[in-house]
Amino acid sequence: MKRLCLFAGYSPSNQIDDYVVHYLRELARFSDVYYQAANQVEENELAKLDAITHGRWAQTHQKYDFGSWQKLIFRLGWQEIEKYDAVILANDSNYGPVRDLAEIFDRMDSVGLDAWGITENYGGARHLQSYFLTLNKRVIESVVFRDFIESIAIEESKKKICEKYEIGLSRLLAENGFSFAPLVDRSTLDVPFGEDISTYQNTLLQKGSPFLKRKVFGVRDFANEDLASTRALLEERGYPLDWIALPAEVRAPADERGEGAVQKQSEAIVKSAVQFHSQERSPSAPPLSIRSVIKRILRPLYQPFKLRVVDKLAGIEHKLEGVEHRVGHLAEKAVKIDDDVGTLRSLVDGVPTFVVDLRAQVSGLARGVRDTAAQLSALQAQTATLSQSSTMRLSDIQTSVAELHGHLDWVQRDILIALMSSIDLESMKGFKCVTDYPVAYDSPDHIHPVGTVLDHTRHPRFIRACEDFFGSGKQLSFLDIGCSAGGMVLDAVLRGHIGVGLEGSDISRLQQRAEWRLLRDSLFTCDVTRPFELGRGDAGAFKFDVVSAWEVLEHLTAEGVEGMFANLERHTHPGSIFACSISQVDGGFTEDGTPLHQTLEPLPWWQERASKYGFDVLDSEAFLPLDFARGNGNSSVYYRPAHSYQEKEGDCFLVVFQRR
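Residues numbered from 1 in each chain as written. Predicted model: local features only at pLDDT ≥ 70, side-chain atom pairs only at ≥ 80, totals over all residues. Heavy atoms only, no water.

Asker: So, the overall build of the chain: which residues are in play, and what are the values?
Answerer: Counting its secondary structure elements, the chain contains 22 helices and 20 strands. Going through the 660 residues of the chain one by one, you find that 42% of them count as buried. Relative to all contacts within the chain whose residues are 6 or more apart in sequence, the contacts with residues 24 or more apart total 74%. As presented, the chain carries roughly 35700 Å² of accessible surface, and 55% of it is formed by carbon and sulfur atoms. (Helix = DSSP H or I, 4+ residues; strand = E, 2+ residues; numbered from the N terminus. Buried < 20%, exposed > 50% of the residue type's maximum accessible area, 1.4 Å probe, protein only. Contact = heavy atoms within 4.5 Å. Areas by Shrake-Rupley, 256 points an atom, 1.4 Å probe, with all protein chains shown as cover.)

Structure, rendered in structure tokens:
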């Protein structure tokens, strides 16, 4: 089984701890591991994972583990996720594994579940704990799971994260008919119904759990079982005890923080540390009182009795209290009903008086009609004034209606052209794109897709201008880079030319936006800054007459620009043209501060890069500003958003390069 592991990390000290390296190394035996920290981590710390993971990143965000998993999925892209049989969601909140994961994977894979975890809790609702989850292919490929991942957002509290995403994921699985279960069957354990199962650490280790919550040793009074026994179990399984942290100290209450409180707290911490290390060397060394000895002897007898009898009696008592509360509430309701009956009687007794009052009101209403007539006259005057002020608004509505009619006319003409002309979509088939980088995984425009989801540029005028440049009657070949929904490719195809589009993100392909349904054999995804070969049959790289890129180049890094021009050189011939608009404005920033427009350089800088790969600026007036699909000041609303169309002069370069 081919597994993918998405690992969420967080360290207040901004470092990668040894227990995390060990954990990831074990996971790497069974899966391709990718790591995302929710805090800043120095490069030298991340380098610890280079030999273990396929990718590691650190970025501060406030979405906790589910946010890190979301970011990793967006980095890889759903197209890459689809290649795996199972996805493991894991985090660094546990020590482990303390036993071989091979037997656990073999056991759980043989059951044939859609999803499984290590443990489950009943708080809020039955749910798998999210520190280690395995989701199999049926879940991964489901629309509901993708919608769930894409909906993850910043919440107001960690509790809300748990309710909406940890409990919410199990609820989603149950509501959509997916089977899921934990490795450790909670029903066989002596754990009270409402308790967090993680606090019974010794029981879990003995029942086969490969992990131990760090809170057991990191948060005082979290554990419900003996810590000395816990350390003994870990040592027995060969887990390094040096990685186990000291228990966290409880802060002094606010009313005790007077003079000398800091000194007392420091003395308490030192005393606790001494006791902890003494316990580690020899757990039985501290002297025990008679009371402690008796409690230790009776504990094995009392604990089962408490679980089976005392806790149940406490639950029954709690329910009885609830019944008493409800009886009292019913008594209050009975009193209120009696009061309401009295009120009703009073109303009935007052009916004759009400009739007299009603006659008086009718008489007053007749007088009010005359006043209403005067008010209507004033309202008519106000309406006349309002009519004058609304003339401009009506004009705006008429303009919008005209634009809508124009849009519908364009769509209708597209249909008629496709039906009446001799366009042969079969002749468009046969193209293939070969690359090791099917998606621009590291691009901010893929991680935070905006343009590829919103844009759908159409501009038949550019196709006609190219026909005029090369001579009418000749079939041309067009390649549109950063094609988004494929509108420019469709414009070329509707004119009877060969059209192909490349897009860096796979969002439009996955959603089958716009032309991806119609031109499925002519639209591809790939990272245009990395080597690719776009060809037909076995003839190698196809040589295109026209390559276009509409406000794409500014989204590339300087290194990426070099890679793109190298690809253009392989896919053009002498005389081919490369038409582009290059925005020079700030394109905004992602939530982590990454600029969407990564390269804002003057025109000579772009000319120098193009020249290195055989492209010179075309010294011709064959292409007018309005021939360019974007950046030309044309603010048409039919097929594209208002981007740089309405910006001031100089905010966008309009350039045509020609291959020497």
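Asker: Give me the sheet that holds strand 15 (residues 523-525): which residues, what numbers.
Answerer: Ordered by their spatial adjacency, seven strands build an open sheet running 15-14-13-17-18-20-19, and the pairing between neighbours is mixed. Two strands bound the open sheet, and with one partner strand each, they are strand 15 and strand 19 (615-617). Each adjacent strand pair in this sheet contributes to an overall mean axis angle of 20 degrees, direction not counted. With four bridges connecting them, strand 13 (residues 477-481) and strand 17 (residues 544-550) associate as parallel partners. Within strand 17, the position partnered with Ile-481 by the bridge is Ala-549. Contacts from helix 18 (residues 460-470) reach strand 13, strand 17, strand 18 (572-583) and strand 20 (652-659), with the element oriented near 145 degrees to strand 17. Sheet strands touched by helix 21 (residues 558-570): strand 13, strand 17, strand 18, strand 19 and strand 20. Its angle to strand 18, the strand with the most contacts, is close to 150 degrees. (Pairing = 2+ DSSP bridges. Axes fitted to C-alpha atoms, helices over the stretch in contact; angles between N-to-C directions.)

Asker: Account for the pairing of strand 1 (residues 3-9), naming residues and giving values.
Answerer: Along any regular strand, the residues point their side chains to alternate faces of the sheet. The buried fraction of strand 1 is high, at seven of seven residues. Residues Arg-3, Cys-5, Phe-7 and Gly-9 of strand 1 are buried on one face, and the alternating residues Leu-4, Leu-6 and Ala-8, pointing to the opposite face, are buried as well. Across six bridges, strand 1 lies against strand 4 (residues 86-91) in parallel orientation. Its bridge partner being in strand 4, Arg-3 is matched across the sheet by Ala-86. Sheet analysis places strand 1 next to strand 2 (residues 32-37), joined by six bridges and oriented parallel. Residue pairing across strands places Leu-4 opposite Asp-32, the latter belonging to strand 2. A crossover links strand 1 with its parallel partner strand 2, the connecting element being helix 1 (residues 18-27), and its sense is right-handed. (Right-handed = clockwise from strand over helix to strand, strands pointing away.)

Asker: Lay out the state of the cysteines in plain terms, naming residues and giving numbers.
Answerer: What is meant by a disulfide is a covalent connection between two cysteines, made through their sulfur atoms. This model, assessed by the stated rule, comprises zero disulfides. The structure places no disulfide on Cys-433, whose sulfur is separated from the nearest cysteine sulfur, that of Cys-526, by 4.1 Å. (Disulfide = S-S within 2.5 Å.)

Asker: An account of the sheet that holds strand 3 (residues 55-58) is needed here, citing residue identities and associated values.
Answerer: The pairing of strands in a sheet comes from backbone hydrogen bonds and takes either a parallel or an antiparallel form. Strand order in the open sheet formed by seven strands is 3-2-1-4-9-6-10, with mixed pairing between adjacent strands. On the outer flanks of this sheet lie strand 3 and strand 10 (180-182), each paired with one strand and no other. Shown here is a sheet whose adjacent strand axes are inclined to one another by a mean of 15 degrees, direction ignored. Here strand 2 runs beside strand 3; their pairing, made up of four bridges, is parallel. By the bridge assignment, Gln-36 is partnered in strand 3 with Trp-57.

Asker: If you had to explain unusual backbone geometry to someone new, which residues and values would you point to?
Answerer: Each neighbour pair has its own omega, and for Gly-96 with Pro-97 the value is -5 degrees, a cis peptide bond. You can see Pro-97 is positioned in the loop between strand 5 (94-95) and helix 5 (101-111). At Ser-484, a residue that is not glycine, the phi angle is positive and equals roughly 55 degrees. One can find Ser-484 in the loop between strand 13 and helix 19 (487-494).

Asker: Describe in detail the pairing of strand 13, supporting the description with residues and values.
Answerer: Judged by how many residues are buried, strand 13 sits mostly within the fold: five of five residues are covered. Across the two faces of strand 13 the burial is the same, with Ser-477, Leu-479 and Ile-481 and Phe-478 and Asp-480 all buried. Where strand 13 and strand 14 (residues 498-503) come together, five bridges link them in parallel fashion. Paired with Asp-480 across the bridge in strand 14 is Gly-501.

Asker: Please provide a residue-by-residue account of the pattern of salt bridges, values included.
Answerer: Scanning the model with the defined rule gives 24 salt bridges in all. Note that Arg-146 and Glu-82 form a salt bridge whose closest N and O atoms lie 2.8 Å from each other. Note that Arg-146 is positioned in helix 7 (residues 143-150) and Glu-82 in the loop between helix 4 (78-81) and strand 4, a separation of 64 residues in sequence. Residue classification places Arg-146 among the buried positions, given a relative accessible area of 15%. Classification of Glu-82 by relative accessible area gives partly exposed; the value is 30%. For Arg-464, the salt bridge identified is with Asp-468, shortest N-O distance 2.4 Å. One end of the pair, Arg-464, and the other, Asp-468, are both in helix 18, four residues apart, so they sit about a helical turn from each other. Overall, Asp-468 belongs to the exposed group, its relative accessible area being 52%. A single network of salt bridges, built from pairs that share partners, joins Arg-461, Arg-464, Asp-468 and Asp-627. (Salt bridge = Lys/Arg side-chain N within 4 Å of Asp/Glu carboxyl O.)

Asker: Just give me the short version of the packing of aromatic side chains, but keep the residues and values in it.
Answerer: Across all of its chains, the model carries 32 aromatic pairs by this definition. Aromatic pair Tyr-34 and Trp-57: ring centres 6.4 Å apart, planes at 5 degrees, arrangement stacked. Placement of the pair is Tyr-34 in strand 2 and Trp-57 in strand 3, with a sequence separation of 23 residues. A ring pair is formed by Phe-132 and Phe-211, whose centres lie 5.3 Å apart and whose planes are at 35 degrees; its orientation type is tilted. Residue Phe-132 is located in strand 9 (residues 132-136), and its partner Phe-211 is located in the loop between helix 9 (201-206) and strand 11 (212-213); the two are separated by 79 residues in the primary sequence. Judged by relative accessible area, Phe-132 falls into the buried class, the value being 1%. Overall, Phe-211 belongs to the buried group, its relative accessible area being 3%. One aromatic cluster in this structure is built from Phe-7, Tyr-23, Phe-30, Tyr-35, Phe-105, Trp-116, Tyr-131, Phe-132 and Phe-211. Residue placement shows Lys-2 over the ring face of Tyr-84; its charged tip is 4.8 Å from the ring centre. (Phe/Tyr/Trp six-rings, centres within 6.5 Å; stacked < 30°, edge-to-face > 60°. Lys NZ or Arg CZ within 6 Å of the ring centre and 35° of its normal.)

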